[in-house]
Amino acid sequence: DEWRGTSPLSEFFVEEEADRVVLRVTGDWTVKTANKLDHKLRDVDLPDSNDVILDVTELGRLDTAGAWLIERTLGSAEPASQQGYEVRGEHDSAEALLSLVYERREECPPAEPHRFTIVDFFARIGRGTVHFCKEALETLSFIGQSVASTVKLLLQPHKIRWTSVVSVMEEAGLDALPIICFLSFFIGIVIAFIGATMLQQTLGATVFTVELVGWAMMREFGVVLTGILLAGRTNSSFTAQIGSMKMRQEVDAMRTLGLNPIEALVTPRILAMLIMTPFLTFGATLSGIFGGIMISWLALDISPILFIARTQELVTIQNFWVGMSKSPIFALIVAVVACRQGLQVEGDVQSLGRATTASVVHAIFLIIVADAIFAMIYMELGI
């Protein structure tokens, strides 16, 4: 009987010889070949170590990785020098490495499973709190540094990289307009449907759907939807771009050349977002109101002329400016969070993925928090 596993550089054979089993290893057993044999060796079931012979006659190079695989396959047996399995054949380092691996394994017994206790629960909360505070301080510091750099360049417009600014305006602003308007249109439809149903059940007057759509889209949904879509679309793009440059050491090359990465990478994106976000918010608001007009006309028998007239009469322009006033803050959040996470990327792909995910999550979280703060401020001011 013979069971054989193969690898381009190494092989092993399990053979029966009289009343004993022979594990014959050939080729190189090193860290380069260990991974290819690992899964095959896990399927090998050997008897007691005293009934096993390890044949190393054709064994090539051997290191601790290969020795560990052999020793693990032979179970808890001790090497031949300690009255365990028998080693057949001559090899320069086989017995020494097998003994070394066995001794090290005995010195480090498997750790017992850790039970999750109340102390671990509070420790996890503490670590999360410390990480949150540290992240908040670093973000505030980066915001201050970025805003200071942007203001400095605005006082010296000739130093601004306008080509980069226009390119980002097109990529992150103009290209995002269709999807933002499209989704806002359907949000307006949803608000109109829900408002009409609720108002019909409570007041019996669906005509107030006009005011609901106007207030909701102008004050909240237009700007919030724009911010969230930019957080998902633009944040990931900015983080991936800067993170890739960081991985290729282009940011380090900028510093070597005497260029400030914040002025070269962050400021153009901040300026582009500050310029384009109000326009995107305006487009989202109009699209949402247009969706409300369509549903009011088709389902509620409210003509577009009546809808627009009631909006002009009852939904004051103040609501529009309340929504527009949030857009620069949301633009700053999107640009700063994305650029900061991009500059935090290290040299591996995993860190780029983590930074991109963190960028989107942090931006959406901050946008919702900022919107809640704006709502409380405007409520206190009576606006």
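Only a predicted model underlies this, so the values are computations on that prediction, with no experimental measurement involved. (Residues numbered from 1 in each chain as written. Predicted model: local features only at pLDDT ≥ 70, side-chain atom pairs only at ≥ 80, totals over all residues. Heavy atoms only, no water.)

What follows is about the packing of aromatic side chains. Summed over all chains, the structure comprises 7 aromatic pairs. With a centroid separation of 5.5 Å and 85° between ring planes, the pair formed by Phe185 and Phe186 is classed as edge-to-face. Among the residues examined, Phe186 registers a relative accessible area of 40% and is labelled partly exposed. When the centroid spacing of 6.0 Å and the interplanar angle of 85° are considered together, the rings of Phe282 and Phe320 count as edge-to-face. Residue Phe282 is found in helix H9 (residues 261–299), and its partner Phe320 is found in helix H11 (residues 317–343); the two are separated by 38 residues along the sequence. A residue is classified by how much of its surface remains accessible, and Phe282, at 38% relative accessible area, is partly exposed. Of the residues examined, Phe320 reaches a relative accessible area of 14% and is grouped as buried. Here a set of aromatic residues connected by ring pairs shows up, and it is made of Phe182, Phe185, Phe186 and Phe290. Residue placement shows Arg269 over the ring face of Phe238; its charged tip is 5.2 Å from the ring centre. (Phe/Tyr/Trp six-rings, centres within 6.5 Å; stacked < 30°, edge-to-face > 60°. Buried < 20%, exposed > 50% of the residue type's maximum accessible area, 1.4 Å probe, protein only. Helix = DSSP H or I, 4+ residues; strand = E, 2+ residues; numbered from the N terminus. Lys NZ or Arg CZ within 6 Å of the ring centre and 35° of its normal.)

What follows concerns the environment of Ile242. Assignment of secondary structure puts Ile242 in helix H7 (residues 209–247). The buried category is assigned to Ile242, whose relative accessible area is 0%. Spatially, the C-alpha atom of Ile242 lies 53 Å from that of Glu58, the residues being 184 residues apart in sequence. The residues contacting Ile242, other than those within four sequence positions of it, are Leu265, Arg269, Cys339, Gly342 and Leu343. (Contact = heavy atoms within 4.5 Å.)

In this section: the pattern of salt bridges. Across all of its chains, the model carries 10 salt bridges by this definition. Residue Arg310 is joined to Glu211 by a salt bridge in which the shortest nitrogen-to-oxygen separation is 2.4 Å. A residue pair is termed long-range when its members are at least 10 positions apart, and Arg310 in helix H10 (residues 304–314) and Glu211 in helix H7 qualify at 99 residues. Classification of Arg310 by relative accessible area gives buried; the value is 17%. Judged by its relative accessible area of 12%, Glu211 is buried. Arg248 serves as the salt-bridge partner of Glu250, at 2.7 Å between the closest nitrogen and oxygen. Of the residues examined, Glu250 reaches a relative accessible area of 29% and is grouped as partly exposed. On the basis of relative accessible area, Arg248 is assigned to the exposed category, the value being 54%. Taken together, the salt bridges that share partners define one network made up of Glu135, Glu138 and Arg340. (Salt bridge = Lys/Arg side-chain N within 4 Å of Asp/Glu carboxyl O.)

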